[in-house]
Amino acid sequence: MSDTILSIQNIHKRFGDQLVLTGINLDIHEKEVVTIIGSSGSGKTTLLRCLNLLNEPDDGHIYFLGDDLMDSKTDIDHLRMRMGMVFQSFNLFNNKSVLDNCTLAPIKLLGLSKEEATKNAYHFLEKVDMLAFANHPVTELSGGQKQRVAIARALTMNPKIMLFDEPTSALDPEMVGEVLEVIKALALEGMTMVIVTHEMSFAKEVSDRVVFMDQGVIAEIGTPEQIFEKPKEIRTQLFLKRFVKNENTL
């Protein structure tokens, strides 16, 4: 296995009196795709948001490219620029064009010229099949198109890792496939990714490892074959049975 990019060590997180993450340990390796699955309230999104301190853990350490994000001396903003984040709800600037959404951060944070940032944006918009919409207002786009733009925007910062928080959960069913295809293409290109998803067939296809979370802990972790075909833990087995049953009723 190649070098570790991100190392999560004994992370705990509380919201008030509620303990939502307990003793999480997980290493993410270069060019690896790790998907996180589990029921609502299992801690999936909280864990993902802890990885770049959008939610700050109460205890433990998170090492990214060798730096401890929990160390007060660490320049968090600098390291966050190397972590692409794609949210459920797109988080685009609705008062700006597609192109402006993709050039703003590279100009302000990376110091690129407008010409450099535009060339860079065109490259990634073409990669997600949105180049034809570069000058369109974001408000004219469908949900699937917005999410593809959000992915392109994250890629313009040249991240070392991409974090996806249920990237298809806000989309109409017919738009889910177009976003998943973009993520699959990134996986084939060797992008390191951590993906919280409820799309089980996608997780099975794209993952190097699957993490099953339950009640704030990692209940089981393994290859897609291990998790989906031969899960060891009763909790994993019950979750997957419920999911298959729900899928069959659709």
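Above this note sits the structure.
Remember, predicted model here, so these are calculated numbers, not experimental data. (Residues numbered from 1 in each chain as written. Predicted model: local features only at pLDDT ≥ 70, side-chain atom pairs only at ≥ 80, totals over all residues. Heavy atoms only, no water.)

Now for the overall build of the protein. For the protein, the helix and strand inventory stands at nine helices and ten strands. Against the globule reference of 18 Å for 250 residues, the protein gives a C-alpha radius of gyration of 18 Å, in line with a compact fold. Based on the C-alpha atoms only, the size of the protein along its principal axes is roughly 55 × 50 × 40 Å. Counting the 250 residues in the protein, one finds 52% classified as buried. Considering only contacts in the protein between residues 6 or more positions apart, those separated by 24 or more positions represent 65%. Split by element, the accessible area of the protein, about 12300 Å² in all, is 47% carbon and sulfur. (Helix = DSSP H or I, 4+ residues; strand = E, 2+ residues; numbered from the N terminus. Rg over C-alpha atoms; globule rule 2.2 N^0.38 Å. Buried < 20%, exposed > 50% of the residue type's maximum accessible area, 1.4 Å probe, protein only. Contact = heavy atoms within 4.5 Å. Areas by Shrake-Rupley, 256 points an atom, 1.4 Å probe, with all protein chains shown as cover.)

Our next topic: the nonpolar core. With 37 residues, the main nonpolar core has Leu125, Val149, Ile151, Met162, Phe164, Ile183 and Met193 as its most contacted residues. Secondary structure elements with two or more residues in this core: α3 (98-108), α4 (114-127), α5 (143-155), β7 (161-165), α6 (173-188), β8 (193-196) and α7 (200-206). Take this core: its biggest share by element is eight residues, from α6. Of all hydrophobic cores here, the second largest spans 30 residues; its members include Val20, Val34, Leu48 and Phe64. (Core = buried A, V, L, I, M, F, W, Y, C linked by side-chain atoms within 4.5 Å.)

This paragraph deals with the packing of α3 against α5. Contact geometry of α3 with α5 gives a least axis separation of 8 Å together with a crossing angle of 25 degrees. When the axes of α3 and α5 are compared, the pair comes out roughly parallel. As for the relative orientation of α3 and α5, their crossing is right-handed in sense. Contacts from Val98, Asn101 and Cys102 of α3 reach α5 at Val149, Ala152 and Arg153. Residue composition of the contact of α3 with α5, by class: four nonpolar, one polar and one charged. (Axes fitted to C-alpha atoms, helices over the stretch in contact; angles between N-to-C directions. Parallel < 35°, antiparallel > 145°, perpendicular 65-115°, else oblique. Left-handed = near helix turned anticlockwise from the far one by under 90°. Nonpolar A, V, L, I, M, F, W, Y, C, P; charged D, E, K, R; others polar.)

What follows deals with the side chain of Thr35. For Thr35, the position within the fold is in strand β3 (residues 33-37). Not counting residues up to four positions away in its chain, the partners in contact with Thr35 are Ile195, Thr197, Ala203, Val206, Ser207, Arg209, Val210 and Val211.

So, about the pairing of strand β10 (residues 217-222). The side chains of a regular strand alternate between the sheet's two faces. Judged from the five bridges that link them, strand β9 (residues 209-214) and β10 form a sheet pairing that is antiparallel. The residue bridging Val211 from the neighbouring strand is Ile221, located in β10. Here β9 folds back onto β10 in antiparallel fashion, the turn holding two residues, of which Gln215 has a positive phi close to 50 degrees. (Pairing = 2+ DSSP bridges.)

Turning to the sheet that holds β7, a few remarks are in order. One key point about sheets: their strands pair by backbone hydrogen bonds, in either a parallel or an antiparallel sense. Read from one edge of the open sheet, six strands run β6-β7-β8-β3-β9-β10, paired in mixed fashion. Sheet topology places β6 (83-86) and β10 at the edges, where each strand pairs with a single neighbour. Sheet twist, expressed as the average angle between the axes of neighbouring strands with direction ignored, equals 15 degrees. In this sheet, β7 lies alongside β6 in parallel orientation, the contact comprising four bridges. Bridge pairing in β7 links Val86 to Phe164. Sitting on the sheet, α5 touches β6 and β7, and the angle it makes with β6 is about 170 degrees. Strands in contact with α6 are β3, β7 and β8; relative to β8, the strand with the most contacts, it is inclined by about 150 degrees.

Moving on, we get to unusual backbone geometry. Positioned with a positive phi, Asn10 is a non-glycine residue whose angle comes to about 55 degrees. Inspection of the secondary structure puts Asn10 in strand β1 (residues 4-15). Given a relative accessible area of 41%, Asn10 falls into the partly exposed group. In this structure, Asp129 is a non-glycine residue whose phi angle is positive, near 60 degrees.

So, about the pairing of β1. Pairing between β1 and strand β2 (residues 18-29): eight bridges, direction antiparallel. Across the sheet, the residue bridging to Ser7 is Asp27, located in β2. Adjacent in sequence and paired antiparallel, β1 and β2 are bridged by two residues, among which Gly16 carries a positive phi angle near 65 degrees. With five bridges joining them, β1 and strand β4 (residues 59-64) adopt antiparallel strand pairing. Following the sheet pairing, Gln9 is matched in β4 by His61.

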